2 protein chains.
Amino acid sequence: MKTIKNLQNLMRVLQDTQKLTSAIALLSWDQECYMPKGGGEARAAQMSYFKGLEHESRIGDTMKRALSEWLDLETGELLTEATAWDAPSQALLRETWRDYHHATRLPSDCVRTLGLETSLAHQVWIDARKQNNFALFAPHLKRIVALKKQEADYLGYTDSPYDALMDEYEPGMTVAQIVPLFEALKTKLVPLVEKIGQSSISADDTLFRQYYDPKRQWDFGLTVLSAMHFDMENGRQDHSVHPFTSAFHPTDVRLTTRVDPHDLLSSLFSSIHEGGHGLYEQGLPSEYFGTALGTSISLGIHESQSRLWENNVGRSRAFWTYFFPKLGAVFPEHLKQVDFEVFYTAINGVRPSLIRVESDEVTYNLHIMLRFEIERMIIEEDLPVEDLPEVWNDKMESYLGIRPETDADGVLQDVHWSGGAFGYFPTYTLGNLYAAQFFHQAKQDLPDLEDHISQGKLLPLKSWLNENIHRLGRQYSSDQLVRRVCGELLKPDYFMTYLEEKFKAIYRFS
Amino acid sequence: MKTIKNLQNLMRVLQDTQKLTSAIALLSWDQECYMPKGGGEARAAQMSYFKGLEHESRIGDTMKRALSEWLDLETGELLTEATAWDAPSQALLRETWRDYHHATRLPSDCVRTLGLETSLAHQVWIDARKQNNFALFAPHLKRIVALKKQEADYLGYTDSPYDALMDEYEPGMTVAQIVPLFEALKTKLVPLVEKIGQSSISADDTLFRQYYDPKRQWDFGLTVLSAMHFDMENGRQDHSVHPFTSAFHPTDVRLTTRVDPHDLLSSLFSSIHEGGHGLYEQGLPSEYFGTALGTSISLGIHESQSRLWENNVGRSRAFWTYFFPKLGAVFPEHLKQVDFEVFYTAINGVRPSLIRVESDEVTYNLHIMLRFEIERMIIEEDLPVEDLPEVWNDKMESYLGIRPETDADGVLQDVHWSGGAFGYFPTYTLGNLYAAQFFHQAKQDLPDLEDHISQGKLLPLKSWLNENIHRLGRQYSSDQLVRRVCGELLKPDYFMTYLEEKFKAIYRFS
């Protein structure tokens, strides 16, 4: 049977293209972490140029020649001689064609202009957020929205232009699938939030809002990353305004976090979260990096890795059984007198809050639903950009019962729109669903899992994820992967059961 | 008269090529400053790929078309309609053709292989230096030398293959010009070193070898960079093993330094030195960046900027009249009791030492002569790489009367060879000569210059350099520039007079 070795031409084109993609990732990482402010304009032009080169590389003659050796460029159908090959080779061809086909629908000009606009908008967003001045950002966002609508038209869609945009992050996902899924969740989430609100137990997080030395916070984050077996020989962590993970190669994975001296948890949980993303990237097969066999499946699956570590592990009783004494040793002045149960309840406080990235596991998904609805209004219904702060604040009030006092705490809080990432937010909630289902399966496969976690031994879980998810790259679709790992398709029940059991125990309701 | 506006096609090709060049600079900066160790192999492949792309961009069809609109591609001769244009346009065409012609002589394969080898060798050099193990580095150096000889053959030369390599850094410079120049210097330097050695004054630098808090060292370096008007909105400073300056754009100039907690001066003077390079890059005209009109002239001229700031300014009585009290306030525990004259003499101590970058203004040039001779032996006489440590140590003994005890303090001390930079070292001494001559002229043009410096006012000098050197880019050759600024060609006399007067006053000989 023919294997991947027969695809050397194609592999070379893909791996060369990846070198451009990784350079763009470095330009972007540097922009967030180190670039002096004055460099923004030149960097924007440079990023735009590189995105053009990358786009050309994905659809140019070299790629066409390499692909058309094995399949029909128009339809993606494999030529007869390729249909008998092994599964990874066929998956590689199928996924490469999908990317190719996707990229051919977008004219280079369109890609280049969006690259330029978003690179400029990013710096403006940082300033606008700092100055709490949405008007500064609005004209940039307006141009980006117009470009994204144009993009959706180029990409094509059946029901909603939003489907076309979402497909970039979560292949195959549609508004039609998300709406009932989110409705089902809401049906169970709302009573859960109510029950928690009525509980006599209250989580007091004022403890975490004192001054915690940033250097010691940073170092404790590194300790946890090390326990997770995030490999610092093949990665690092830096500071940035908005935490993110960027992989230039499985041997060079960059995490970032934001340390708030008056918030013990924000940077720690973001380190764990990004560490989960980072483990996925470090766990991809190096030899196939740049090809579909060495790339993550979707943002939802990627997010499942970060959520699993951040929530299912990082906010669990087992995890803190081991790490609470460690953290207490780092901050004895704050934590020496604190009872474990008080601490565990405090890190699992559920209360409506303004900032998505700092919200709890339960209300988090309401933040996502709000963004999903607003994005649909922007993309499907031409909601004017100027109206966004008002719409945002109204929805916050209706969903969470609180209203942001500033746009910095409202519509300006997230980086995504400055980068043109419409259709991205729903993948966060999908990530929660996948995470719960995978974690449930991991506990079936590793009966001692919780014991290990409570001893600080995180290697078995990391290895299970490496083996069952990371090493497979994009060989399977997300549906296929979930079925392969868990024996059934994605179900929201695992997530809801996880939440209900966990918070029932903490808030003691029946 | 037609102007640069008529060269828009050419400008666009050049500025696009610069985007590749700047990406390579970022990949390299990141490799030195932040890249995790495991990323080395993938980075090497990526750099090599980009250097290939850049080379193609410099000689590809788009460049050929843009250039051949105005000149004969084979000879560089301007077509009739271009000969009547303004001087900057003609300079741009002339210099662009020079680069084009240079690049066409090197096959892409050759460029790519050297890129790959040097990127790998760099990491090995860091390890070899750390472990004091030349044998680790030798096989890499051997391959690099072979490639550089091949490169010299491709480039072509009349007298020595070393000329071909040197031309890359100092256009037009030859062994035949350097040898008598270095001989003339040696004739005056050796008696100067002798007189200093016989002086009853001795510079005691044990003061500087105590523990100086690295953070405070770093911050004082930033204070001096700020006084030099190095613009931190358009640049930054980071840590690296070997200090260097890298400019991605005049609005994004990166300096690096290495802080030694037991050496007060090493990082400070390297900050000033790199700051001098950085001011040149920030002073280039942004609108022409990536073209000959927005590029530095040669490494010798570049080095004149760093040397002028490091030595003519940074080791002067006037400079420390202002900065000594400032430094004393930062390190009162070390410096409060120290007399100004003792300090000023100490920072101008002249004594044979092992490490080039830490040596004094007088003996420094002997370090360069040694490297120049060894490089000629390697390139012209096939000296086996294995013999290098022995040859190095013998020459150190003969030139400076001291013998390194380790290769880390000897042949492994400099980064240059791991990057294939043969022919680079002589530009350091040329830089000293240019610096002395420019500084002499600046004092003529700005009669209050020393007074200003002694008040910490460094803006007049920085502006003089901007006006007379930086803003001109590569419009003039180094010879033309020196004549334009100083009214005569480069003469070593200014440098020797500067040294003799300065050190006569310090060491009190006649």
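Quick notes on the rules
Residues numbered from 1 in each chain as written. Chains lettered and ligands numbered in written order. Predicted model: local features only at pLDDT ≥ 70, side-chain atom pairs only at ≥ 80, totals over all residues. Helix = DSSP H or I, 4+ residues; strand = E, 2+ residues; numbered from the N terminus. Rg over C-alpha atoms; globule rule 2.2 N^0.38 Å. Buried ≥ 20, exposed ≤ 12 C-beta atoms within 10 Å, placed from the backbone. Contact = placed C-beta atoms within 7 Å. Least-squares fit on C-alpha atoms with pLDDT ≥ 70 in both. Pairing = 2+ DSSP bridges. Axes fitted to C-alpha atoms, helices over the stretch in contact; angles between N-to-C directions. pLDDT = per-residue confidence, 0-100. Parallel < 35°, antiparallel > 145°, perpendicular 65-115°, else oblique. Left-handed = near helix turned anticlockwise from the far one by under 90°. Core = buried A, V, L, I, M, F, W, Y, C linked by C-beta atoms within 7 Å. Nonpolar A, V, L, I, M, F, W, Y, C, P; charged D, E, K, R; others polar.

Here the focus is the overall build of chain A. Looking only at helices and strands, one finds 21 helices and three strands in chain A. Against the globule reference of 24 Å for 510 residues, chain A gives a C-alpha radius of gyration of 23 Å, in line with a compact fold. Across its three principal directions, the C-alpha atoms of chain A cover 70 × 55 × 45 Å. Within chain A, the proportion of its 510 residues that are buried is 47%. For chain A, long-range pairs separated by at least 24 residues make up 72% of all intrachain contacts whose partners lie at least 6 apart in sequence.

Turning our eyes to something else, we now look at the relation of the copies chain A and chain B. Both copies of the chain are related by one operation, a rotation about an axis with a shift along it. Of the transformation placing chain A onto chain B, the axial shift is 0.0 Å and the rotation is 180 degrees, giving an RMSD of 0.0 Å. With respect to symmetry, the two chain copies, as superposed, fit the operation of a two-fold axis. Closest approach to the rotation axis among the C-alpha atoms of chain A is made by Ala23 of chain A, whose C-alpha sits 3.6 Å away. Both copies present the same face, since 100% of the interface residues in chain A are matched by interface residues at the equivalent positions in chain B.

Once that is clear, we can look at the sheet that holds strand β1 (residues 235-239) of chain A. Residues and elements named next belong to chain A. Strand order in the open sheet formed by three strands is β1-β3-β2, and the pairing between neighbours is mixed. The open sheet terminates on both sides in strands that have one partner only, identified here as β1 and β2 (245-249). Recorded for the sheet is a direction-independent mean angle of 20 degrees between the axes of neighbouring strands. Bridge analysis of β2 against strand β3 (residues 252-257) gives four bridges, and the strand direction is antiparallel. Residue pairing in the sheet places Ala247 in a bridge with Val253 of β3. Helix α1 (residues 8-33) contacts β1, β2 and β3 of the sheet and is inclined by roughly 140 degrees relative to β2.

Our focus in this paragraph is the pairing of strand β2 (residues 245-249) of chain B. Most of β2 of chain B is tucked away: five of the five residues are buried. As consecutive antiparallel partners, β2 of chain B and strand β3 (residues 252-257) of chain B are separated by two residues.

Another aspect to go through is the confidence of the model for chain A. Detailed conclusions should not be drawn from predicted coordinates in areas where pLDDT is low. Within chain A, residue pLDDT values average 95, and 100% of them lie at 70 or more. For this predicted complex, the interface confidence comes out at an ipTM of 0.89, alongside a pTM of 0.90.

Residues and elements named next belong to chain B. Taken in spatial order, the three strands line up as β1-β3-β2 in an open sheet, and their pairing is mixed. Among the strands making up the open sheet, the edge pair consists of β1 (235-239) and β2. Taken pair by pair, the neighbouring strands of this sheet meet at an average axis angle of 20 degrees, ignoring direction. Pairing of β1 with β3 involves five bridges; the strand directions are parallel. Counted as the bridge partner of Asp238 is Thr256 from β3.

On to the packing of helix α9 (residues 214-227) of chain B against helix α12 (residues 317-330) of chain B, then. Two quantities define a packed helix pair, namely the angle between the helix axes and the distance between the axes. Residues and elements named next belong to chain B. Running from N to C, α9 and α12 cross one another at 155 degrees; their axes reach a closest spacing of 11 Å. Considering their axes alone, α9 and α12 lie roughly antiparallel with respect to each other. Seen along the crossing, α9 lies across α12 with a hand that is right-handed. Side by side, α9 and α12 meet where Arg216, Phe220, Thr223 and Val224 of the first sit next to Phe323, Lys326, Leu327 and Val330 of the second.

Moving on to unusual backbone geometry. The backbone of Asn132 of chain A shows a phi angle near 50 degrees, a positive value even though the residue is not glycine. Turning to its location among the elements, Asn132 of chain A is positioned in the loop between α5 (108-131) and α6 (134-155). Despite not being glycine, His229 of chain B has its phi angle at roughly 65 degrees, a positive value. Turning to its location among the elements, His229 of chain B is positioned in the loop between α9 and β1.

This paragraph deals with the environment of Ser57 of chain A. For Ser57 of chain A, the location among the structural elements is in helix α2 (residues 40-59). Between the C-alpha atoms of Ser57 of chain A and Ile196 of chain A, which are 139 residues apart in sequence, the distance is 53 Å.

Okay, the nonpolar core next. Core analysis: the biggest nonpolar cluster contains 215 residues, and Ala23, Met228, Val362 and Tyr434 of chain A together with Ala23, Met228 and Tyr434 of chain B have the highest contact counts within it. In this structure, Tyr434 of chain B is in contact with Gly300, Ile301, Ser304, Val482 and Leu490 of chain B, ignoring residues within four places of it in sequence. Counting 19 residues, the second-largest nonpolar core is a separate cluster that includes Met11, Leu67, Leu71 and Leu93 of chain A.

Turning our eyes to something else, we now look at the interface of chain A and chain B. Contacts between chain A and chain B engage 27 residues on the former and 27 residues on the latter. Here the residues of the side of chain A that touches chain B sort into eleven nonpolar, eight polar and eight charged.

Right, let's get into the environment of Asp167 of chain B. Residues and elements named next belong to chain B. The topology assignment puts Asp167 in the loop between α7 (161-166) and α8 (175-198). Residues Asp167 and Tyr424, 257 residues apart in the sequence, show an inter-C-alpha distance of 9.3 Å. Among all residues touching Asp167, those that are not within four sequence positions of it are Gly172 and Met173.

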